[in-house]
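# Fold and contact review
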Amino acid sequence: MELLPRSPREFGSAGYWERFFRQRGERPFEWYGALPELRALLRRYLRPRDKVLVVGCGNSELSEQMYDMGMCEDIVNIDISDAVIRQMRERNASKRPKMSYLLMDMLQMDFPDALFQVVLDKGTLDAIFTDEEEATLAKVDRMFAEISRVLQVGGRYLCVSLAQAHVLKKAVEYFSQEGWVVRVHQVASSGDKQQFVLPIFVYVMTKFKKVPGSAPQILEICPEEQDKPMRVESTERLVEAVKDRQHYALLRSQLSKASSGEQLSLDLCSKESGKPRYTLHVVDSPSMKPSRDNHFAIFIIPQGRETEWLFGTEDGRRQLAASAGFRRLVTAALHREQHYEGMAGIQAELSGKVMELAPPGLPAQQQVPFLSVGGDIGVRTVRHRDTSPLSGEYVVEDVKGDDKCYFRRLVFLSNRNVVQSEARLLAPAPLPGQKKRRKDRKKPGSTEPLSAIDKSYLCCEHHKAMVAGLCLLGSPDPLPGAPLAVLVVGLGGGSLPLFLHDYFSQARVAVVEIDPSMLEVATRWFGFSQGDRMRVHVSDGLDYVAKLAAEAPAQYDAIMFDVDSKDLTVGMSCPPPAFVEKPFLQKVKTILKPEGVFVLNLVCRDARLKESVLATLREVFPLLYARHIDGEVNEILFCQPGPKGPQDPAELLVRAQALEGALRQPGRPWDSSYVLADMLQAVKIL
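An account of the accompanying structure is given in this report. (Residues numbered from 1 in each chain as written. Predicted model: local features only at pLDDT ≥ 70, side-chain atom pairs only at ≥ 80, totals over all residues. Heavy atoms only, no water.)

## Things to note about the pattern of salt bridges
The tally for this structure, following the rule as stated, stands at 35 salt bridges. When the shortest N-O distance is used, the salt bridge between Arg385 and Glu393 registers 2.8 Å. Residue classification places Arg385 among the partly exposed positions, given a relative accessible area of 32%. Ionic pairing is found between Glu635 and Lys610, a salt bridge with its closest N-O pair at 2.5 Å. Residue Glu635 is found in strand S26 (residues 635-640), and its partner Lys610 is found in helix H17 (residues 607-620); the two are separated by 25 residues along the sequence. The exposure class of Lys610 is partly exposed, given its relative accessible area of 25%. Shared partners join several salt bridges into a network, and the residues in it are Glu64, Asp68, Arg91 and Arg96. (Salt bridge = Lys/Arg side-chain N within 4 Å of Asp/Glu carboxyl O. Buried < 20%, exposed > 50% of the residue type's maximum accessible area, 1.4 Å probe, protein only. Helix = DSSP H or I, 4+ residues; strand = E, 2+ residues; numbered from the N terminus.)

## A short note on the packing of aromatic side chains
Under the criterion given, the structure shown has 15 aromatic pairs. Taking 5.6 Å as the distance between ring centres and 55° as the angle between the ring planes, the aromatic pair formed by Tyr157 and Phe175 counts as tilted. Of the two residues, Tyr157 sits in strand S5 (residues 151-161) while Phe175 sits in helix H7 (residues 165-177), which places them 18 residues apart along the sequence. You can call Phe175 buried: its relative accessible area is 0%. Site record: aromatic cluster; members linked through ring pairs are Phe144, Tyr157, Tyr174, Phe175 and Trp180. (Phe/Tyr/Trp six-rings, centres within 6.5 Å; stacked < 30°, edge-to-face > 60°.)

## Some thoughts on the sheet that holds strand S17 (residues 406-412)
The antiparallel open sheet is built from four strands, whose spatial order is S15-S16-S17-S18. Here the strands that pair on one side only, and so sit at the sheet edges, are strand S15 (380-388) and strand S18 (421-424). Within this sheet the neighbouring strands show an average axis-to-axis angle of 15°, counted without direction. Looking at chain direction, strand S16 (residues 392-400) and S17 are connected through seven bridges and run antiparallel. From the neighbouring strand, Lys400 faces S17, where its bridge partner is Tyr406. Contacts between helix H14 (residues 516-525) and the sheet are confined to S15, S16 and S17, with S16 contributing the most and set at about 20° to the helix. (Pairing = 2+ DSSP bridges. Axes fitted to C-alpha atoms, helices over the stretch in contact; angles between N-to-C directions. Contact = heavy atoms within 4.5 Å.)

## A few points about the pairing of strand S6 (residues 181-186)
Within S6, six of the six residues are buried, which leaves the element mostly enclosed by the surrounding structure. In this structure, S6 lies alongside strand S7 (residues 201-206), joined through six bridges in antiparallel fashion. Paired with His185 across the strands is Val202, a residue of S7.

## Some remarks on helix H12 (residues 461-468)
H12 sits mainly inside the fold: seven of its eight residues count as buried. Those residues of H12 lying buried are His462, His463, Lys464, Ala465, Met466, Val467 and Ala468.

## Remarks on helix H2 (residues 35-45)
All of the buried residues in H2 are Leu35, Glu37, Leu38, Leu41, Leu42 and Tyr45. On an axial view of H2, the arc spanned by its buried residues comes to 135°, and they lie on one face. Its buried side turned inward, H2 meets helix H3 (62-68), strand S4 (116-122), S5, S6 and S7. (Arc of directions from axis to C-beta.)

## Quick look at unusual backbone geometry
In the segment running from Cys574 into Pro575, the intervening peptide bond is cis, with an omega of -5°. With respect to the helices, strands and loops of the structure, Pro575 is situated in the loop between strand S23 (572-574) and helix H16 (582-591). Of note in this structure, Ala554 is not a glycine but carries a positive phi near 50°. The residue Ala554 is located in the loop between helix H15 (541-551) and strand S22 (556-561) in this model. You can call Ala554 partly exposed: its relative accessible area is 40%.

## Overview of the nonpolar core
Ranked by internal contacts, the top residues of the largest apolar core, which has 48 residues, are Leu470, Leu500 and Phe504. The residues contacting Leu500, other than those within four sequence positions of it, are Val467, Leu470, Val486, Val488, Ala507, Val509 and Met560. The next biggest cluster of nonpolar side chains, apart from the first, holds 42 residues, and it includes Leu53, Ile147, Ala171 and Phe201. (Core = buried A, V, L, I, M, F, W, Y, C linked by side-chain atoms within 4.5 Å.)

## Some thoughts on the environment of Glu236
Tracing the chain through its elements places Glu236 in helix H8 (residues 235-255). Glu236 sits in the partly exposed class, given a relative accessible area of 48%.

## Things to note about the sheet that holds S7
Within the open sheet, the nine strands sit side by side as S3-S2-S1-S4-S5-S7-S6-S8-S9. Their pairing is mixed. Unpaired on one side and paired on the other, strand S3 (100-103) and strand S9 (230-232) mark the two borders of the sheet. Averaged over all neighbouring strand pairs, the angle between strand axes comes to 20°, with direction disregarded. Where S5 meets S7, six bridges bridge the pair, whose relative direction is antiparallel. By the bridge assignment, Cys159 is partnered in S7 with Tyr203. In the packing of helix H6 (residues 134-150) onto the sheet, the strands contacted are strand S1 (52-55), S4 and S5, and the crossing angle to S5 comes to about 140°.

## Some points on the environment of Gly527
One can find Gly527 in the loop between H14 and strand S21 (534-538). Taking the C-alpha atoms as reference, Gly527 lies 8.8 Å from Asp454; in sequence the two are 73 residues apart. Leave out the neighbours within four places in its chain, and Gly527 touches Ile453, Lys455, Leu498 and Ala522.

## Points about the pairing of S18
In S18, alternate side chains face the same way, and those of Ser421 and Ala423 on one face and Glu422 and Arg424 on the other are all buried. Where S17 lies against S18, four bridges are found, and the strand directions are antiparallel. Within S18, the position partnered with Arg408 by the bridge is Ala423.

## Concerning the packing of H15 against H16
At their nearest, the axes of H15 and H16 sit 9 Å apart, and the two run at 50° to each other. The orientation of H15 relative to H16 falls into the category oblique. Seen along the crossing, H15 lies across H16 with a hand that is left-handed. Between H15 and H16, the contacting residues are Gly541, Leu542, Val545, Ala546, Leu548 and Ala549 on the first element and Phe584, Lys587, Val588, Thr590 and Ile591 on the second. Class assignment for the residues of the contact of H15 with H16 results in eight nonpolar, two polar and one charged. (Parallel < 35°, antiparallel > 145°, perpendicular 65-115°, else oblique. Left-handed = near helix turned anticlockwise from the far one by under 90°. Nonpolar A, V, L, I, M, F, W, Y, C, P; charged D, E, K, R; others polar.)

## A few points about the packing of H16 against H17
With their axes 10 Å apart at the nearest point, H16 and H17 run at an angle of 40° to one another. With respect to H17, the element H16 is oriented oblique. The chirality of how H16 crosses H17 is right-handed. Along its contact with H16, which presents Lys582, Leu585, Gln586 and Lys589, the element H17 presents Thr616, Leu617, Glu619 and Val620.

Next up, the structure:
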């Protein structure tokens with residue numbers, strides 16, 4: 001039996017609905033939203049004395065149920081299908097004498113103005129608003145105009161809808177421009193099996209007299225879990241808020257089915273500010289053998305550690321879930337500049353919401369554990385926050401690592417899951433006669449003296465590999481004391497040029513940084529300073545290299561590129577594409593000494609683009625080595641302008657060991673975990 005339209009346009013056709021109800025007979029058809037879901041909202045906005053108009057009533061039982069429950073009795077139902085009107089009259093004539101059914105087109109109603117206190121629409125707007133063609137929009141405008149005409153001032157238009165973006169946007173814009181108050185409710189589910197995966201919404205449009213001039217719009221949303229409406233500033237924001245709830249419903253539906261192994265994520269936002277408070281990732285391990293206690297757990301990621309490989313990548317989270325031994329693990333990352341009341345407070349805040357993400361088959365009354373590292377929520381202190389015209393909004397923050405050390409980080413908020421620069425902090429030494437800080441004292445606040453930067457420690461693995469690549473410069477023994485000329489493009493926090501300056505005692509380091517704000521950040525927060533052997537040039541790296549190539553060729557022993565791209569639409573975040581174009585790379589080769597080395601930090605997720613970059617590098621530099629950084633996207637490329645460099649990776653390891661031995665000097669601090677040979681262990685010659 002054909003009951004569904006061949007095309008969505010048929011939903012707006014009187015002929016379709018006439019055939020539909022003839023074929024369906026007397027069986028009630030609930031478009032969506034039955035009384036159990038709608039009862040609370042209807043009681044809130046309907047009064048027993050109201051005169052109610054139901055547009056597009058069909059053979060729904062909703063009007064009959066409202067009548068029988070005493071919500072209201074003066075109900076007028078209209079529809080364009082003669083078959084359904086005759087059917088409903090016969091069904092209700094003797095049982096509900098105060099309720100009427102009329103054959104009428106809601107686009108051209110016969111009622112006088114301001115006759116009704118309530119107009120109720122359950123799916124009718126969705127049925128006719130199937131596209132955004134001119135004829136459809138004109139039909140919707142006539143519908144809204146007629147509803148406005150027959151509704152009294154102070155009356156309510158209640159529209160039950162799936163809230164497709166174009167439908168919601170049109171309704172909100174139309175009625176808010178007429179001076180009406182617009183409120184959107186998400187309907188709480190009844191707990192029964194839902195007909196639709198998407199949630200149901202009710203638009204409540206309250207009619208006010210239109211005030212001449214530009215009166216402020218009143219737009220509100222009431223989520224399912226709260227009764228109090230939240231004010232939103234624009235139609236666009238209201239549509240986005242509804243989309244967020246639809247996305248969440250789809251995610252819950254997906255999680256309620258058998259796991260595909262795909263990791264799903266969502267943000268939970270603060271009700272007060274609307275800003276993200278938690279980022280959740282759902283990690284399923286379907287191959288893990290089920291047992292009584294391994295169904296489900298929540299893992300709280302300590303503050304500041306969400307960028308680590310174990311927590312910040314799919315592979316890392318998968319390994320974390322396997323180590324924890326749970327078939328479904330939800331990781332929760334905490335956002336900066338949000339206040340958290342310890343682990344107990346987070347558990348109380350998250351418990352209700354994360355249980356909605358529980359796997360199918362979770363035993364009733366099952367205790368769901370909250371896990372973390374070390375039993376606390378970590379420490380994150382935002383030291384500085386500002387906006388750069390070139391780099392956008394950024395923060396400098398101190399976080400506690402897994403070894404109880406503290407680290408200072410620079411993070412660009414346009415890419416908040418990537419640490420731009422990082423340095424380890426030295427614990428402040430007590431003054432003579434000063435007692436050590438008691439363990440139960442408060443952590444240092446932002447107004448207390450700051451810890452010094454440990455300049456001997458390179459936090460970033462790719463920086464360690466870049467330094468190790470200097471062993472390509474020939475005999476490593478004299479290198480630390482040799483008068484090397486080094487060009488570094490990209491300052492960040494300054495850790496890389498500082499290390500080169502301090503450990504290569506005669507090296508002259510020139511740094512090029514396009515953003516003057518970053519020089520200020522490096523100087524104020526990361527211990528960077530200039531001197532006779534360290535100069536920063538605030539300039540575009542492209543222009544600076546081009547100028548050198550024209551004026552002073554073959555002057556650098558080493559050139560290092562560690563510069564990020566501001567264009568997040570490209571599949572390469574480091575360096576910007578212009579830095580790896582052939583004409584520019586030829587300029588880089590021009591300013592490099594014949595025995596020198598060009599070191600490039602490449603971060604490229606686009607496989608084709610990466611292969612293209614490597615091919616261009618091979619065209620310019622006869623000898624090319626590559627070192628992939630474990631657990632990261634970074635690949636460090638060592639390029640030499642001549643073919644005389646080491647042809648055997650084993651020779652590189654010998655050189656790296658010799659260089660490390662030369663760099664390790666009595667009285668000079670050296671991080672014992674930094675082994676140069678390890679940095680070159682997996683180097684490939686391309």
